[in-house]
Amino acid sequence: MSQIQILATYQQRVEQKELQYDQAQLTAVNTLQSLAESLVKKRVWWQTQPQIQGVYLHGPVGRGKSMLMDLFYQQLPMENKQRLHFHHFMAQVHQQLNSLQGAKNPLTHIAAQWAKKIRVLCFDEFFVSDIGDAMIMAELFKALFNKGVILVATSNCHPEQLYYNGLQRGRFLPTIELLKTHCILINVTGEVDHRLRFGQHATYYFDHGSGEQQFQANFSVFSGPLLSDISVAIKGRTLRCLQHSSNAIMFDFMALCSGPRSTADYIYLAQHYQRVYVCNIPVMVAQATGKQIVHGIEDSYQREKQVLQEHTLDDEARRFIALVDEFYDRGKLLVISAQDDISQLYRGKKLAFEYARTESRLIEMQNW
């Protein structure tokens, strides 16, 4: 019997009804089991080291991709491994680039630094929307793979769909080819939406009309003694709140998701509070502004097949998506008071793909 217990643990959780049997998941588990065994297999000095491919799990929301990657990570008996959200990884890369300004081949140097400490790199939610990230990834990933780093990643889309319709996408195509070459692509679409295995509840999601009193009562019961300050300082900037305690904080939606807010703010909140309460969330992008979104014309670049229009609250919706991602990834709870149901809160097209993941995560939070 193998000492790697990825498959055995999955089967046990299915037998105990913690998980629902899913053939697509089982295919992925078998592949992850084989990868783990290849990574830890001892070889004598004269044997040629095999070329080991990583695994790229893709499929719609609710198919258990993050759960499968976590199972692999937990059962892999190696120290030189790391699991992190993809945007955290890119944030670290950008910081390293800033410290290496003027250096020759900085991305190769950064890859070497990662490879010294990490053999297996696990990315949750591999998704590229930032042109800066897209531009550096081909060289960075080529260097990482050349150093023997193994990638295990989850994504809502096939590599061919990454950065689709993105500015200067042609420069991102080498990254797609690297992923297809160095990873086994596993489609975990399946027929089961595992988000709904416990039914749909609204334990932490309130209508901000009739449910306002319940929303406030939930905060009062959880928060404990309140602090007198009505703001928190994050990286030298003041973020106003409605009320807060040592473990919970409440914001108006526009204060938290409008203006000069960034992922750094949400990382800080996830580090310092067990729950964030967000009230007065409107229906986002209910109407178009009339502006066509065309980027990069001044540089003779334009998005491929550009048909999107700008909508009201698009920027706020993007920040809200980042907020949900950060809290979900850290196991912290968002309690929400909104104008409409989770599925109807975002009605635009520009961020529809990203919001599908947000909807899935908010639904799952209702069972925490």
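Below, the structure is looked at part by part. (Residues numbered from 1 in each chain as written. Predicted model: local features only at pLDDT ≥ 70, side-chain atom pairs only at ≥ 80, totals over all residues. Heavy atoms only, no water.)

### Digging into the overall build of the protein chain
Right, on to step 1. Check the secondary structure of the protein chain and you find 12 helices and 14 strands.
Right, on to step 2. Scored against the burial criterion, the 368 residues of the protein chain give a buried share of 48%.
Right, on to step 3. Within the protein chain, contacts between residues at least 6 apart in sequence are counted, and of these 76% link residues at least 24 apart.
Right, on to step 4. Roughly 18100 Å² of accessible area belongs to the protein chain as shown, and the carbon and sulfur atoms make up 48% of that amount. (Helix = DSSP H or I, 4+ residues; strand = E, 2+ residues; numbered from the N terminus. Buried < 20%, exposed > 50% of the residue type's maximum accessible area, 1.4 Å probe, protein only. Contact = heavy atoms within 4.5 Å. Areas by Shrake-Rupley, 256 points an atom, 1.4 Å probe, with all protein chains shown as cover.)

### Digging into the pattern of salt bridges
Right, on to step 1. For the structure shown, the criterion picks out 15 salt bridges.
Right, on to step 2. Among the ionic pairs, Lys 180 bridges to Glu 160, the shortest N-O distance being 2.5 Å. Of this pair, Lys 180 sits in helix 7 (residues 173–182) while Glu 160 sits in the loop between strand 4 (150–155) and helix 7, placing them 20 residues apart in sequence.
Right, on to step 3. The class of Glu 160 is partly exposed, set by a relative accessible area of 32%.
Right, on to step 4. We classify Lys 180 as partly exposed; its relative accessible area is 31%.
Right, on to step 5. A cluster of three or more residues bridged by salt bridges with shared partners is formed by Asp 70, Arg 83, Asp 124, Glu 125, Asp 325, Asp 329, Arg 357 and Arg 361. (Salt bridge = Lys/Arg side-chain N within 4 Å of Asp/Glu carboxyl O.)

### A closer look at the side chain of Arg 361
Right, on to step 1. If you trace the backbone, Arg 361 turns up in helix 12 (residues 352–365).
Right, on to step 2. When near neighbours in sequence (up to four residues on either side) are disregarded, Arg 361 contacts Ser 66, His 85, Asp 124, Glu 125, Val 324, Asp 325 and Tyr 328.

### Regarding the nonpolar core
Right, on to step 1. Counting residues in each nonpolar core, the largest one holds 48 residues, and the members touching the most others are Leu 256, Leu 269, Val 276, Ile 281, Met 284 and Phe 320.
Right, on to step 2. For this core, the element with the highest residue contribution is helix 11 (residues 314–329), accounting for 8 residues.
Right, on to step 3. Setting aside anything within four residues of it in sequence, one finds Leu 269 in contact with Ile 234, Leu 239, Phe 251, Leu 256, Val 276 and Phe 327. (Core = buried A, V, L, I, M, F, W, Y, C linked by side-chain atoms within 4.5 Å.)

### Thoughts on the side chain of Gln 243
Right, on to step 1. Secondary-structure assignment places Gln 243 in strand 9 (residues 243–244).
Right, on to step 2. Of note is the side chain of Gln 243, whose polar atom sits 3.1 Å from the side chain of Gln 216.
Right, on to step 3. Contact partners of Gln 243, with chain neighbours within four places excluded, come to Gln 216, Phe 219, Leu 226, Ile 249 and Met 250. (Polar contact = N/O pair within 3.5 Å; in protein donor to acceptor, adjacent residues only side chain to side chain.)

### Considering the sheet that holds strand 11 (residues 275–281)
Right, on to step 1. Pairing within the open sheet is mixed, and its 5 strands lie in the order 6-14-11-10-9. Looking at the sheet topology across the chains shown, the edges are occupied by strand 6 (205–207) and strand 9.
Right, on to step 2. Helix-sheet contacts for helix 8 (residues 212–223) involve strand 6, strand 9, strand 10 (248–252), strand 11 and strand 14 (333–338), and the interaxial angle to strand 11 is about 160°. (Pairing = 2+ DSSP bridges. Axes fitted to C-alpha atoms, helices over the stretch in contact; angles between N-to-C directions.)

### Overview of empty space enclosed by the protein
Right, on to step 1. All told, the structure shown has 1 cavity of 30 Å³ or more when counted by the stated rule.
Right, on to step 2. Approximately 40 Å³ is the volume found for the largest cavity.
Right, on to step 3. Contributing to the lining of the largest cavity are Leu 121, Phe 123, Phe 141, Leu 144, Phe 145, Val 149 and Leu 151.
Right, on to step 4. Residue assignment for the lining of the largest cavity shows that the elements contributing at least two residues are strand 3 (120–124) and helix 6 (131–146). (1 Å grid on protein atoms, 1.4 Å probe; cavity = no way out; pocket = protein on both sides within 12 Å on 5 of 7 lines; lining within 4 Å. Points joined across faces, edges and corners; volume = space filled by probe spheres on them.)

### Quick notes on the packing of helix 4 (residues 86–99) against helix 5 (residues 106–117)
Right, on to step 1. Interaxial distance between helix 4 and helix 5 falls to 10 Å at its minimum, and their mutual angle equals 125°. Viewed along their axes, helix 4 and helix 5 adopt a mutual orientation that is oblique. As for the relative orientation of helix 4 and helix 5, their crossing is right-handed in sense. Contacts from Phe 89, Gln 92, Val 93, Gln 96 and Leu 97 in helix 4 reach Pro 106, Leu 107, Ile 110, Gln 113 and Trp 114 in helix 5.
Right, on to step 2. Residue classes in the contact of helix 4 with helix 5 are distributed as 7 nonpolar, 3 polar and no charged. (Parallel < 35°, antiparallel > 145°, perpendicular 65-115°, else oblique. Left-handed = near helix turned anticlockwise from the far one by under 90°. Nonpolar A, V, L, I, M, F, W, Y, C, P; charged D, E, K, R; others polar.)

### Regarding the pairing of strand 7 (residues 231–234)
Right, on to step 1. Only one face of strand 7 is covered, namely the one carrying Val 232 and Ile 234; the face carrying Ser 231 and Ala 233 has none of its residues buried.
Right, on to step 2. Where strand 7 and strand 8 (residues 237–240) come together, 4 bridges link them in antiparallel fashion. In the sheet register, Ala 233 faces strand 8, and the bridge partner there is Thr 238.

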